[in-house]
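# Coordinate analysis (summary)
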Amino acid sequence: MANINILVLADHAEILETIIRLINKNAGWNGTGAASYAEAQEALKINKFDLVLLGVGVDDEAESQILRLCESIAPETICMRHYGGGSGLLSSEIQHALAQR
């Protein structure tokens, strides 16, 4: 089974670090963090992601920019908002999003 590559965009460093750590606990998932739209944009231009997870501090404008960017350079990439919660909720959200492809 190929790894699922997940980009997480969140502007709260500790939460971003926690989400990445939780994602990387799953042997089939590879999480990459971005603390700003610019970092996310650069990561999307360089790497292929299966999922972009929009987390804490991502405002509506940054979300719209990410959605437009994904549509233009990686239309197969799923973009979704993560609202917080424990590791079980995060895992469930990711699994649900990936099942929709």
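Everything numeric in this text was worked out from a predicted model, so none of it was measured.

Conventions we followed
- Residues numbered from 1 in each chain as written.
- Predicted model: local features only at pLDDT ≥ 70, side-chain atom pairs only at ≥ 80, totals over all residues.
- Heavy atoms only, no water.
- Core = buried A, V, L, I, M, F, W, Y, C linked by side-chain atoms within 4.5 Å.
- Buried < 20%, exposed > 50% of the residue type's maximum accessible area, 1.4 Å probe, protein only.
- Helix = DSSP H or I, 4+ residues; strand = E, 2+ residues; numbered from the N terminus.
- Contact = heavy atoms within 4.5 Å.
- Polar contact = N/O pair within 3.5 Å; in protein donor to acceptor, adjacent residues only side chain to side chain.
- Expected span 1.5 Å × (residues − 1).
- Salt bridge = Lys/Arg side-chain N within 4 Å of Asp/Glu carboxyl O.
- Axes fitted to C-alpha atoms, helices over the stretch in contact; angles between N-to-C directions.
- Parallel < 35°, antiparallel > 145°, perpendicular 65-115°, else oblique.
- Nonpolar A, V, L, I, M, F, W, Y, C, P; charged D, E, K, R; others polar.

Before going further, it helps to spend a moment on the nonpolar core. General note: in soluble globular proteins, nonpolar side chains tend to be found buried as a group. In this structure, I6, V8, I23, L51, L53 and I94 are the most contacted members of the largest nonpolar core, which totals 17 residues. For this core, the secondary structure elements donating two or more residues are strand 1 (4-9), helix 1 (13-24), strand 3 (51-54), strand 4 (78-81) and helix 4 (87-99). With residues up to four places along the chain from it excluded, the contact list for I6 reads I23, W29, N30, G31, T32, F49, L51, L53 and I94. Of all hydrophobic cores here, the second largest spans 14 residues; its members include L9, F49, L69 and C70.

Our next topic: the side chain of R81. Topologically, R81 is positioned in strand 4. Classification of R81 as buried rests on a relative accessible area of 18%. At 2.9 Å, the side chain of R81 forms a polar contact with the backbone oxygen of V58. Only 2.7 Å separates the side chain of R81 from the side chain of E63, close enough to count as a polar contact.

The subject of this paragraph is helix 3 (residues 60-73). Relative to the 20 Å expected for 14 residues at 1.5 Å per residue, helix 3 spans 20 Å between its end C-alpha atoms, a close match to the ideal helical length. Each element contacted by the buried residues of helix 3 is listed here: strand 1, helix 2 (37-46), strand 3 and strand 4. Where helix 3 begins, one side-chain oxygen reaches toward the backbone nitrogen of E61, 3.2 Å away; that side chain belongs to D59.

Considering all chains together, one arrives at three salt bridges under this definition. A salt bridge links K48 to D50; the shortest N-O distance between them is 3.5 Å. Among the salt bridges present, the one from R68 reaches E61, with a minimum N-O distance of 3.8 Å. Look at E61 and you get partly exposed, because its relative accessible area is 46%.

Right, let's talk about the packing of helix 2 against helix 3 for a bit. Taken N-terminus to C-terminus, the directions of helix 2 and helix 3 make an angle of 10 degrees; their axes are 11 Å apart at the nearest point. One finds that helix 2 runs roughly parallel with respect to helix 3. Side by side, helix 2 and helix 3 meet where Y37, A40, Q41, L44 and K45 of the first sit next to A62, Q65, I66, L69, C70 and I73 of the second. Taken together, the residues of the contact of helix 2 with helix 3 break down into eight nonpolar, two polar and one charged.

Let's shift gears to the side chain of H82. Along the polypeptide, H82 turns up in the loop between strand 4 and helix 4. Of note is the side chain of H82, whose polar atom sits 2.4 Å from the side chain of E93. When near neighbours in sequence (up to four residues on either side) are disregarded, H82 contacts I19, L53, L54, G55, L90 and E93.

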